[in-house]
Amino acid sequence: MVRQEDIEYMRRAMELAERGVGFTNPNPMVGAVIVKNGKVIGEGWHERYGEWHAERNAFKNCAVPAEGATMYVTLEPCCHYGKTPPCTEAIIEHRIARVVIGMEDPNPLVAGKGIALLREAGIEVVCGIEEEALREQNRVFLKYISTKLPWVALKAAMTLDGKIATRTGDSKWITGAEARAYVHELRHRFMAVLVGIGTAVADDPLLNCRIEGRGVRQPIRVVVDSNARLSLESQLVKTAGEYRTIVAYTRFAPEERVKALQETGVEMLLCEEKEGLVDVKNLLVLLGQSGIDSILLEGGGSLNYTFLAERLVDELYAFIAPKIVGGMSAKTPVEGLGVEKMADAINLELKNVLNMGDDVLLKLKVKNE
């Protein structure tokens, strides 16, 4: 039976889960709260991939014995041995009387089995509290565990007239400091950041995550470079020993170029080709197989269009600056061939609007149905 306080404590568990953002991939973000006699006696969250899960961290932080308490956990407790022991064992051992679960775990190793074990042990289990919000929080995990394909978030910064650079190619800076800082938060959130060779050559980016005052997880840097043209003098290559860097190429790339990049520490990923270029669908399959669950796409107009046209983008972060630059030849966020009819346009659902200093951020979901 659902109680009034269940929603309150589940929202607290969700807040705790968010603290693991960027550190738990490809595992989900999970939070747990233990309540006894109307008081919180322990809290925890999954802090980092491979380390203790939220439930065990909550027990570790308990102020008093948890026997007879209620545990609130955002995701169904695991019931299998992985990098850590099953959380169901810990819940049963601590004699928890009631477990309130936000949503069932779609992982085939769990998928209702954790709930069943708890009920067999005589524990009352309630499931489905704040499920819609929790599915949004763990949207990356839910896609990856069910498809083994990375979640793709496209990021674009543009002027009010939709330009990502002037006609001369100058793009520094379109948005202000607050918006640019938020991009680093996104690089921390998603496992990999992906650009095309055009962006890599034009901007010579570092593509790392720079957030002052706290720890971050550096993204894996991926360059779509069909012919392995990335310069050995580029920042990406020079820092490949410090930050994991992958170059996706095709069979058309010269062997000497592939070998030269490999010798610098760059990982070379041979992909299937489509019309002479990297097949981005195959690229996502390969990245997913390597354990990468999410990608921040920071491409130019051509690569962005390819991902969108192939229906591979899940969400967009569109930063709009209150500037107008004009220019028929000035680059835009999405180029390529484009659609012929407005009825064929890629439809988006507006999820949120945020002020970023003088700029505006639109968070949008792609309607890929």
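Residues numbered from 1 in each chain as written. Predicted model: local features only at pLDDT ≥ 70, side-chain atom pairs only at ≥ 80, totals over all residues. Heavy atoms only, no water.

- Naming follows an unreviewed UniProt entry, where the protein chain appears as Riboflavin biosynthesis protein RibD of Butyricimonas faecalis.
- As stated in UniProt under Function (unreviewed entry), the record for the protein chain gives "Converts 2,5-diamino-6-(ribosylamino)-4(3h)-pyrimidinone 5'-phosphate into 5-amino-6-(ribosylamino)-2,4(1h,3h)-pyrimidinedione 5'-phosphate." (UniProt positions renumbered as here; feature names shortened; annotations may be inferred.)

## Here's the deal with the UniProt feature "binding site: substrate" (unreviewed entry) in the protein chain
Part 1: When the UniProt feature table is mapped to this numbering, "binding site: substrate" (unreviewed entry) covers Ser-171, Arg-187, Asp-203, Leu-207, Arg-210 and Glu-298.
Part 2: As for its position among the elements, Leu-207 is in the loop between helix H8 (197–203) and strand E8 (220–224).
Part 3: On the accessibility criterion, Leu-207 (4% relative accessible area) is buried.
Part 4: If we skip the residues at most four places from it in the chain, Leu-207 touches Arg-187, Val-193, Val-195, Pro-219, Arg-221, Leu-236 and Glu-298. (Helix = DSSP H or I, 4+ residues; strand = E, 2+ residues; numbered from the N terminus. Buried < 20%, exposed > 50% of the residue type's maximum accessible area, 1.4 Å probe, protein only. Contact = heavy atoms within 4.5 Å.)

## Points about the sheet that holds E8
Part 1: Judged by pairing direction, the sheet is mixed, and its nine strands sit side by side in the order E10-E9-E8-E7-E13-E6-E14-E16-E15 without closing on themselves. Each edge of the open sheet is held by one strand with a lone partner, namely strand E10 (267–270) and strand E15 (348–356). When strand polarity is set aside, the average angle formed by the axes of neighbouring strands in this sheet is 25°.
Part 2: Looking at chain direction, strand E9 (residues 245–249) and E10 are connected through four bridges and run parallel. The residue bridging Val-247 from the neighbouring strand is Met-268, located in E10.
Part 3: Strand contacts of helix H11 (residues 280–289): strand E6 (151–159), strand E7 (192–196), E8, E9, E10 and strand E13 (294–297), with the helix running at about 130° to E10, the strand carrying the most contacts.
Part 4: Strand contacts of helix H12 (residues 301–309): E6, E7, E8, E13 and strand E14 (315–321), with the helix running at about 115° to E7, the strand carrying the most contacts. (Pairing = 2+ DSSP bridges. Axes fitted to C-alpha atoms, helices over the stretch in contact; angles between N-to-C directions.)

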